[in-house]
Amino acid sequence: MAEPRPVLEMTGIVKEFPGVRALSDVDFRLFPGEIHALMGENGAGKSTLIKVLTGVYSLDGGTVTLDGEAVRITSPLEAQQAGISTVYQEVNLCPNLSVAENIFIGREPTRMGRIQWKQLRRQAAELVDRLGLDIDVTAPLSSYPLAVQQLVAIVRSLGTGDGTGDGAGGGKGPGTKVLILDEPTSSLDRDEVLQLFALMRRLKEEGVAILFVSHFLDQIYEVCDRMTVLRNGTLVGEHLVRDLDQVGLVQLMLGKAMGQLDELHEHQLHSDAGETLLVADGLGRTGGIAPFDMEIRKGEVIGLAGLLGSGRTELARLLFGADQPDTGKVSIGGKPVSMSAPNDAIDAGVAFCSENRKSEGLVPDLTVRENIILALQAARGWTRPIPVAQRDELVAKYIEALDIRPANPEARVGQLSGGNQQKVLLARWLITRPKLLILDEPTRGIDIGAKAEIQKLVVSLSEDGMSVLYIAAELEEVLRLSHTIGVLRDRRLVAQIANGPEITTSRILETIASGEHQ
Amino acid sequence: MTTSSTTSSRWRALTHHHLFWPVAVLVLLLLVNVPFTPDFFSIKMADGHLYGSLVSIVLFGSPLILVAVGMTLVIATGGIDLSVGAVVAITGALACSYISDRSDQGALSGVLLAMGLGLLAAVVCGLWNGFLVARMGIQPIIATLIIMVAGRGVAQLITDGQIITINSEPYKLIGGGYWLTLPFSIFVVAVVVAVTVVLTRRTALGLLVEAVGGNAEASRLVGIRSRRIKIMVYAFCALCAGIAGLMISSNTSAADGNNAGLWIELDAILAVVIGGISLLGGRFSVGGTVVGALVIQTLTTTIYTIGVPTQTNLVFKAAVVIVVCLLQSPKFRAKVFGARFGAGSGAKVSGKTAAAPADPAAASEATPKMEVS
Amino acid sequence: MSATTQSPTASDSRTPSTASRLLGDRRLPVAVTALLFLLMYGVGLSRYQNYGFGEPQVFLNLFIDNGYLLVAAAGVTFVILSGGIDLSVGSMIGFTTMFTAWLVERQGLPLLLVIPMALGVGALGGFLMGYVIHNFEIQPFIVTLAGLFLFRGLCLVISKESISIGDSSVSSMAQAQVSLGMGFLSIGAIVSLVVLAVAFYVLHYTRFGRRVYAIGGNEQSAMLMGLPQGGTKIAVYTVSGFCSALAGLLFTLYIQSGDPLHATGMELDAIAAVVIGGTLLTGGSGYVLGTLFGVLVLGLIKSIIQFEGTLSSWWTKIATGVLLCAFILVQRFMTTRKKT
C-alpha cells in the first residue's frame with residue numbers, strides 16, 4: 001500500500017475523568033480509502049477516543065490534524081462540518097420524524113429559508129435507492145425496526161456536509177472524509193451486516209476513511225485493512241490486519257496469552273438425568289414468537305441459537321412473563337403458572353437477566369448493595385424488609401463470590417464497568433435462589449476475562465442443579481455450555497437438539513439456515 | 001453553626017451531605033431576620049401557649065410541609081402531582097359544607113365524620129391519579145393536570161361558589177388550636193412526617209420507590225409491583241394534601257373553593273427541589289423536603305419582618321427558586337465555582353447528578369464516561 | 001402546499017387508507033378534535049337555535065373572545081413540541097397588561113412605542129428562561145415556575161391596584177372591526193390568526209421548526225446529529241415569551257385594563273388547549289392547527305355555558321377537565337394501538 005498522507009492524525013491524546021485517566025498519550029492515524037478497526041476490551045478507551053474525535057468530550061492534551069491542518073473540535077456539529085461523521089451503536093435519530101427528514105435534518109434543501117419538501121423527499125429516495133435499500137422515506141422512522149434505523153443513520157452520515165445529499169461526493173467540497181462506525185453491527189443480522197459491508201467497501205473506494213468498531217472479530221477480519229489496538233487507555237500497536245492473526249490480536253487486547261476459555265472446552269456435560277422443571281405448551285405471542293413447546297429439566301442448560309431478531313429474546317421474555325403470551329400455558333414444577341407478569345414467574349422460581357443491562361436491569365443511582373437485594377426484596381414485598389445483618393452478609397458473600405469490583409457495597413452501580421454491572425445483575429438473581437435462570441446475552445459488551453468467569457459460573461450453577469436458559473450471539477458460546485440447543489429462525493423455534501460431540505457450529509448454522517434439523 | 005468543623009476533609013464531607021445546601025439556605029434566611037428583629041429566635045410563653053417567630057414559621061408552614069412530604073414520594077417514583085392544590089380545596093370544601101349543614105356544628109362526631117369524608121374524597125382523587133398513571137400509563141404531569149383543572153370547579157360546585165364559614169370548636173383545633181403549649185398543627189405535621197419516615201425507611205417501601213423512580217422497566221422485571229406502589233404513593237400524597245386542606249380551612253374556619261391551596265402544588269414541588277431531590281425520580285429524603293418547605297415559609301416570614309412590601313413576596317420567591325436551582329445545577333457550579341473548587345467540582349458533577357435536577361441528556365451523556373472508570 | 005403529507009389538514013386524514021395506518025397517523029388527533037368541535041357546534045345549533053346560536057357572528061366571536069388564548073397557546077405549542085413546558089404564560093400575560101397599562105396611563109407613552117417594548121420584554125423574559133434551562137441544565141418546569149412567580153410578582157410591584165386604560169388610541173383599536181360580510185372580527189382576532197399562520201409556516205417550512213420537532217423527538221440524538229439544540233431550545237422559550245407578551249397585549253385590548261391578577265392560571269388553559277389539540281406533552285408530535293381546534297373547543301364550552309344560562313361558571317373548569325381527561329385517554333389508547 002503506497003502510504004499517502006493520513007487524512008486524520010491524532011498524536012499524544014490525553015483525556016482524564018475524575019479519578020481516572022481514560023486515554024494517556026494515544027496516537028492514532030487514519031488513511032483515506034481504508035477501513036480501520038479500533039480494537040480493545042471494554043475500558044480500553046475506544047469510546048473515549050471516538051468521543052474526543054467527534055467533539056463530545058473536550059481534549060485534555062495532544063493534537064488532532066485533519067488533512068494536514070491542526071484542528072480543535074469542540075462539538076459534534078464542528079466535527080460534522082469538518083467532514084467527520086459518526087454512526088453510534090445506539091441509533092441517534094429522531095423516531096418521530098420521517099426517514100427523509102432524519103437523513104436531511106439540519107441541511108434540508110431550502111429556498112428563501114423555506115424547506116423544499118418535494119426536493120428533500122426525492123433526494124432522500126434517490127440516496128436510499130442508490131444504496132440498494134428498500135425504505136419508504138416518507139414513513140416515520142419509528143415504523144421501522146432498529147436494524148433499518150441503523151442503516152438510515154449511516155445514510156444520514158453520508159449525506160453530511162454537501163447539502164445536496166449526493167453521497168460522499170468523491171472528495172469535492174466538505175463531504176464526509178472520515179466515517180466513524182461505532183459498533184454499528186451489534187444489532188444487525190447477517191444480511192444487514194453484508195449490506196453494510198458492501199456499503200463500506202464502496203465508500204472506501206471513493207476515498208472515505210472508515211473507522212470501524214465491532215466486538216465481532218470475524219467481521220474485523222472480513223472487512224478491515226488495518227487496526228489500532230488500545231488497552232487501558234494506552235496504545236498497544238497499529239497493525240495491518242493481514243499481518244496479525246486472531247490469536248495475536250486477542251493476546252494484544254488482553255495483554256496475556258489465551259487459555260482461559262479453552263478450559264471450558266473440556267467441560268463434560270453431565271447426563272440428562274434431572275427431573276422436569278418447566279413445561280411450555282404451545283406458548284406464543286403474536287409479533288413475538290410463534291407457539292412453541294419446550295421442556296426444561298433440572299440442572300439443564302438450554303442454549304438458544306439464532307440470528308438477531310429470530311425470536312431468542314422474545315422466547316425468553318415469554319418464559320419470564322416480561323411479555324404476556326397470547327396462547328399456550330406454562331407449568332413449573334408441575335404447577336400451572338399464569339405468566340401475566342414477571343411476578344408470576346419470579347414466584348415460581350424463574351429469574352431473568354435482560355440483554356439491556358442499563359435500561360432493563362440496573363437502577364444506576366442506587367448502590368451495589370441496593371441493586372443486589374432488589375429482587376429478593378421485591379419478592380418479600382415492601383412490608384418485610386430484609387434484616388440489616390442478613391442483608392449485609394448476603395451482599396458481602398456475593399460480591400466476593402462473583403468478584404465484583406470495586407468490592408464496595410456503597411458504590412453507585414452506574415459507575416461500575418459493564419462486566420461488573422453484569423455480575424451485580426447475576427448476584428441479584430442468584431440471591432433469590434431461582435430454579436431457572438434466564439440469561440439473555442450476559443456476555444455482550446463485556447471483556448473476555450469477565451466473559452469466561454460468567455461462563456464458568458453457568459457451568460457450576462448447572463452442576464448444582466439450577467436450570468439455565470442461555471442466549472448468546474456467539475454460537476461457540478452456546479455450543480460450549482448447553483446440554484440442549486434450541487434453534488430459532490424467523491421467530492419460530494425450529495429445532496431442539498441434544499448437544500454432543502457430533503454437534504458443531506456448522507451444523508447449527510445449517511439448521512438456522514434451512515430451518516430444519518437432520 | 002456548622003462552620004466549627006475545621007479540617008478540610010470534614011468540611012468537604014459536610015458540604016457533600018445532601019442536606020447541606022438546603023440547611024445552609026435556611027440558616028442564612030433565619031439569620032437575615034436578626035438585624036431587623038433582634039429577638040427573632042426567642043420564644044415566649046403567654047396564656048399557656050408558646051409564641052415566637054420560629055413557632056409561627058412551623059405553624060404557618062404546616063400545610064406546605066404536609067403537601068410537600070406527600071409530593072416527595074410521588075416525585076421519587078419519577079412522577080409529579082399537580083392536583084394537590086385542587087385536592088386541598090375539595091377536602092376543605094367538603095368538610096366545611098358537611099359541618100355547616102349540621103345543627104350542632106361543635107359536635108365531635110359530626111366533625112370527625114366531616115373530616116373523614118374530606119379525607120376520603122382526597123384519597124379518591126389520589127387513587128384516580130394513581131389509576132391514570134399506573135394503570136393507564138399516562139404521564140403524571142398530564143394525568144394530574146385533569147384534577148388540577150377540574151378539581152377547583154368541583155370544589156366550587158360543593159360550596160356553590162360561596163365561601164362557607166363555619167363555627168366549630170373541635171374543627172378549629174386542627175389548624176388553629178393549641179395542645180401542650182404548642183400549635184396542634186405542629187403535632188399533626190410531626191406525626192405525618194414520622195409516619196412517612198417509618199413507612200419508607202423502616203420498611204422496604206423507600207427502596208422500592210427509589211427503584212421504581214430510578215428505572216421503571218428494570219423494577220418491573222425485577223418483580224416490583226410498581227403499579228401498586230405508584231397508586232399507593234399518589235393516594236398517600238392526596239391524603240397529605242387532604243390533611244393540609246382540613247388544616248387550612250380549619251385555620252380560617254372557612255372553605256374557599258377558589259383560593260384555598262392556590263399554588264400550593266408549585267410551592268410543594270419547589271420545597272422538594274430545594275430539599276435536593278431530583279425531579280427525575282430516584283433518591284429522596286423526607287428531611288430535605290421538610291427543610292425545603294421551611295425555607296419557603298421562612299422566606300415569606302422574612303419578607304414580613306424586614307419590612308419589604310408584601311407584594312414583592314413572589315419576586316423574592318422567584319429569586320430563591322432561581323438561586324437554589326442554580327446552586328444545585330452541576331453545570332452552573334462548574335462554570336462559576338469551577339476555578340475555586342478545582343478538581344473537586346468534577347467529582348461533584350458525577351456524584352451529584354442524582355441529587356440535582358439534571359436533564360436526561362446530561363444524565364445519559366454522563367453514563368458512557370462512567371464505564372471507563 | 002396542501003398536497004404534501006406534512007400539511008395536517010383534517011380532510012387529509014380521511015383519505016382512504018388501511019385502518020391501522022389511519023390509527024397510527026399523527027394527524028388523527030387533530031381530526032378528532034376538529035370533529036369534536038363540529039359536533040359540539042352542531043349540538044349548540046340544535047339546542048340554542050332560537051337564541052341566535054346559528055348567527056355567524058357567534059362563531060366569529062370565538063376568535064374575538066379567545067384570540068389572546070390562541071396566541072399564547074401557539075407559543076406553548078412550540079415549547080411542548082420541543083419537549084419542554086412553560087408555566088409562565090399566565091403571569092407573562094398578566095404582567096404585559098400591567099406593564100402596558102402603566103406605561104400608557106401613568107407614564108403617558110404612546111401605544112405605538114409601548115407595543116414593541118412589551119413584546120421585547122416578553123421575548124427577553126422567555127430568552128432568559130431558555131438560557132437558564134439550556135446552559136445550566138435545570139428542568140424547564142422549575143425555571144418557568146420561577147418565571148411564573150417573578151412576573152406575577154412584578155405585576156404587584158408595578159401596582160397592587162388595577163389600572164384601567166382610557167387612552168383613545170387603545171379604545172379605538174379595541175373597538176375596530178374588520179367586516180367579513182357575514183360578520184366581523186376584531187384586530188385581536190386577526191392578529192391571532194396571523195400568528196397561527198406564521199407558527200404553522202415556521203414549524204413546517206423552516207429548519208428551525210423541524211429542529212423543534214427533532215429535539216422533542218429525542219434531544220440527545222438531535223445533539224449528536226449536529227443540530228444546534230441549545231440555540232433551538234432558547235429560541236423556543238423566546239418564541240413562547242414573545243407570544244405570551246403578544247397575548248398580553250391582545251388581552252389588554254380585549255379588557256382595556258391592566259390588573260395584577262389578570263390571566264391567573266391561563267397557562268393551564270393554554271396547555272389544555274394544546275393537549276386537546278392532539279400534541280403529545282412528551283414532545284415531538286403534534287400540530288399547531290390542532291392547537292387552534294383546542295382553543296376553539298375550549299371557547300365553545302364557554303359559549304355553550306353562557307347560552308345555557310343556568311349553569312355556573314365553574315362548570316367551565318369541570319367541562320375542561322373532563323374533556324382533557326377524555327382526550328388524554330383517547331391519545332393513550334391510540335399510542336398503545338400503534339405500538340402493537
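Residues numbered from 1 in each chain as written. Chains lettered and ligands numbered in written order. Predicted model: local features only at pLDDT ≥ 70, side-chain atom pairs only at ≥ 80, totals over all residues.

Participant: I tried to follow the overall build of chain B on my own but got confused; where do I start?
Facilitator: Broken down by element type, chain B carries 18 helices and six strands. Taking all 373 residues of chain B together, 54% fall into the buried category. (Helix = DSSP H or I, 4+ residues; strand = E, 2+ residues; numbered from the N terminus. Buried ≥ 20, exposed ≤ 12 C-beta atoms within 10 Å, placed from the backbone.)

Participant: Can you walk me through the overall build of chain C in this structure?
Facilitator: Along chain C, the regular secondary structure elements total 14 helices and four strands. Computed over its C-alpha atoms, the radius of gyration of chain C comes to 20 Å, within 12% of the 20 Å expected for a compact globule of 340 residues. Across its three principal axes, chain C shows a C-alpha extent of roughly 60 × 60 × 35 Å. By the burial criterion, 59% of the 340 residues in chain C qualify as buried. When contacts within chain C are restricted to residue pairs at least 6 apart in sequence, those whose partners lie at least 24 apart make up 78%. (Rg over C-alpha atoms; globule rule 2.2 N^0.38 Å. Contact = placed C-beta atoms within 7 Å.)

Participant: Is there a simple way to think about the nonpolar core in this case?
Facilitator: Side chains of a nonpolar character, in soluble globular proteins, are inclined to be buried together. Residues A:Ile438, B:Ile90 and C:Ala72 are the most contacted members of the largest nonpolar core, which totals 387 residues. Of the residues forming this core, the biggest block, 17 residues, is contributed by helix α11 (residues 226–252) of chain B. When sequence neighbours within four positions are dropped, the list of residues in contact with A:Ile438 reads A:Ala316, A:Leu319, A:Phe320, A:Val350, A:Ala351, A:Phe352, A:Cys353 and A:Leu469. (Core = buried A, V, L, I, M, F, W, Y, C linked by C-beta atoms within 7 Å.)

Participant: Explain the sheet that holds strand β18 (residues 350–353) of chain A here, please?
Facilitator: In sheet architecture, strand pairing relies on hydrogen bonds along the backbone and comes in two forms, parallel and antiparallel. Residue and element names in this part refer to chain A. Ordered by their spatial adjacency, six strands build an open sheet running β18-β19-β20-β15-β21-β22, and the pairing between neighbours is mixed. In the strand order of this sheet, the two ends are held by β18 and β22 (492–498), each with one partner. Taken over all neighbouring pairs, the strand axes of this sheet differ in orientation by 15 degrees on average, direction set aside. Here β18 pairs with strand β19 (residues 436–440) via four bridges, running parallel. (Pairing = 2+ DSSP bridges. Axes fitted to C-alpha atoms, helices over the stretch in contact; angles between N-to-C directions.)

Participant: Sorry, what's going on with the packing of helix α8 (residues 187–205) of chain C against helix α9 (residues 207–217) of chain C here?
Facilitator: Packed helix pairs are characterised by how far apart their axes lie and by the angle those axes make with each other. All names here are of chain C. At a minimum axis distance of 5 Å, the contact between α8 and α9 shows a crossing angle of 75 degrees. By the angle class used here, α8 and α9 are roughly perpendicular. Touching Val202, Leu203, His204 and Tyr205 of α8 are Phe208, Gly209 and Val212, all from α9. (Parallel < 35°, antiparallel > 145°, perpendicular 65-115°, else oblique.)

Participant: What is the right way to read the sheet that holds strand β16 (residues 327–332) of chain A from this model?
Facilitator: All names here are of chain A. Taken together, the four strands give an open sheet; going across it, the order is β14-β13-β16-β17, and neighbouring strands pair in antiparallel fashion. Because the sheet does not close on itself, it has two edges, and the strands there are β14 (289–297) and β17 (335–337). For this sheet, the mean inter-axis angle between neighbouring strands, taken without regard to orientation, is 20 degrees.

Participant: Would you explain the interface of chain C and chain B in this entry?
Facilitator: By convention, interface size is frequently given as the accessible area that disappears when the constituent parts associate. Between chain C and chain B, the residue contacts involve 39 residues of the former and 41 residues of the latter. Elements with a minimum of two residues in the side of chain C that touches chain B: α6 (140–158), α10 (219–224), α12 (266–276) and α14 (314–339) of chain C. Across the side of chain C that touches chain B, the residue classes break down as 25 nonpolar, eight polar and six charged. (Nonpolar A, V, L, I, M, F, W, Y, C, P; charged D, E, K, R; others polar.)

Participant: Looking at this structure, how should I read the pairing of β22(A)?
Facilitator: Regular strands place their side chains on alternate faces of the sheet. Residues and elements named next belong to chain A. Two strands pair when backbone bridges link them, and strand β21 (residues 484–489) and β22 are joined in this way by six bridges, in the antiparallel orientation. Within β22, the residue paired with arginine 489 across the bridge is arginine 492. Counting the residues between successive antiparallel strands, the hairpin from β21 to β22 contains two residues, one of them, aspartate 490, with a positive phi of roughly 45 degrees.

Participant: Any chance you could explain helix α14 (residues 313–328) of chain B here in plain terms?
Facilitator: Count 3.6 residues to each turn of an α-helix, and residues three or four apart come out pointing the same way. A rise of 1.5 Å per residue sets the reference length of α14(B), with its 16 residues, at 22 Å; its end C-alpha atoms lie 22 Å apart and thus fit the reference within 8%. Looking only at α14(B), the buried set comprises B:Leu314, B:Val315, B:Lys317, B:Ala318, B:Val320, B:Val321, B:Ile322, B:Val324, B:Cys325 and B:Gln328. Where α14(B) is buried, its residues meet α2 (20–33), α12 (264–274) and α13 (286–305) of chain B together with α6 of chain C. (Expected span 1.5 Å × (residues − 1).)

Participant: Whenever I open this one, the environment of A:Gly288 confuses me. Can you help?
Facilitator: Relative to the elements of secondary structure, A:Gly288 occurs in the loop between β13 (276–285) and β14. Beyond its immediate chain neighbours, meaning those up to four positions away, A:Gly288 contacts A:Glu314, A:Leu318 and A:Asp323.

Participant: Teacher, can you tell me more about the confidence of the model for chain B here?
Facilitator: Residues and elements named next belong to chain B. A residue-level look at chain B finds 88% of positions with pLDDT of 70 or above and a mean pLDDT of 82. Low pLDDT, under 50, characterises residues 1–5; the stretch is placed with five contacts to residues that sit more than four places away or in other chains. The low-confidence segment residues 339–373 (pLDDT under 50) makes 66 contacts with residues lying over four places distant or belonging to another chain. (pLDDT = per-residue confidence, 0-100.)

Participant: In this structure, what is going on with helix α11 (residues 229–255) of chain C? I would like to understand it.
Facilitator: Residues and elements named next belong to chain C. Counted at 1.5 Å a residue, the expected span for α11 with its 27 residues is 39 Å, and the 38 Å between its end C-alpha atoms agrees. With 24 of its 27 residues buried, α11 lies for the most part within the structure. Trailing α11 by a residue or two, glutamine 256 shows a phi angle of about 55 degrees, which is positive.

Participant: Mind showing me how you'd approach the environment of B:Leu28 here?
Facilitator: Assignment of secondary structure puts B:Leu28 in helix α2. Counting along the chain gives 263 residues from B:Leu28 to B:Val291, while the straight-line C-alpha distance between them is 13 Å.

Participant: What am I meant to see in the packing of helix α7 (residues 169–176) of chain B against α11(B) here?
Facilitator: All names here are of chain B. Interaxial distance between α7 and α11 falls to 7 Å at its minimum, and their mutual angle equals 115 degrees. By the criterion of interaxial angle, the relationship of α7 to α11 is roughly perpendicular. Both α7 and α11 take part in a crossing whose hand is left-handed. Contacts between α7 and α11 involve Tyr171, Lys172, Ile174, Gly175 and Gly176 from the former and Leu246, Met247, Ile248, Ser250 and Asn251 from the latter. (Left-handed = near helix turned anticlockwise from the far one by under 90°.)

Participant: Explain the confidence of the model for chain C here, please?
Facilitator: Low-confidence regions, as indicated by low pLDDT, have predicted coordinates that should not be scrutinised in detail. Residues and elements named next belong to chain C. Looking at chain C, the pLDDT average stands at 85 and 91% of residues meet or exceed 70. Per-element confidence in chain C is highest for α8, whose mean pLDDT is 95, and lowest for helix α1 (residues 19–24), whose mean pLDDT is 58. Across residues 1–17, where pLDDT falls below 50, the model places 22 contacts with residues more than four positions away in sequence or in other chains. In the predicted complex, the global pTM is 0.78; the interface-specific ipTM is 0.80.

Participant: How do you make sense of unusual backbone geometry when you look at a structure like this?
Facilitator: Comment: phi is negative for the bulk of residues other than glycine, and the bulk of peptide bonds are trans. Residues other than glycine seldom take positive phi values, yet A:Met339 does so here, at roughly 60 degrees. Turning to its location among the elements, A:Met339 is positioned in the loop between β17 and α11 (342–347). Residue A:Met339 is classed as buried on the basis of its 25 C-beta neighbours within 10 Å. Here B:Thr181, not a glycine, exhibits a phi torsion of approximately 65 degrees, which is positive. Its place among the elements puts B:Thr181 in the loop between β4 (178–179) and β5 (182–183).

Participant: Is there a simple way to think about the environment of C:Ala176 in this case?
Facilitator: Along the chain, C:Ala176 falls in the loop between α7 (168–175) and β2 (177–179). On a C-alpha basis, the gap between C:Ala176 and C:Ser186 in space is 6.2 Å, while along the polypeptide they are ten residues apart.

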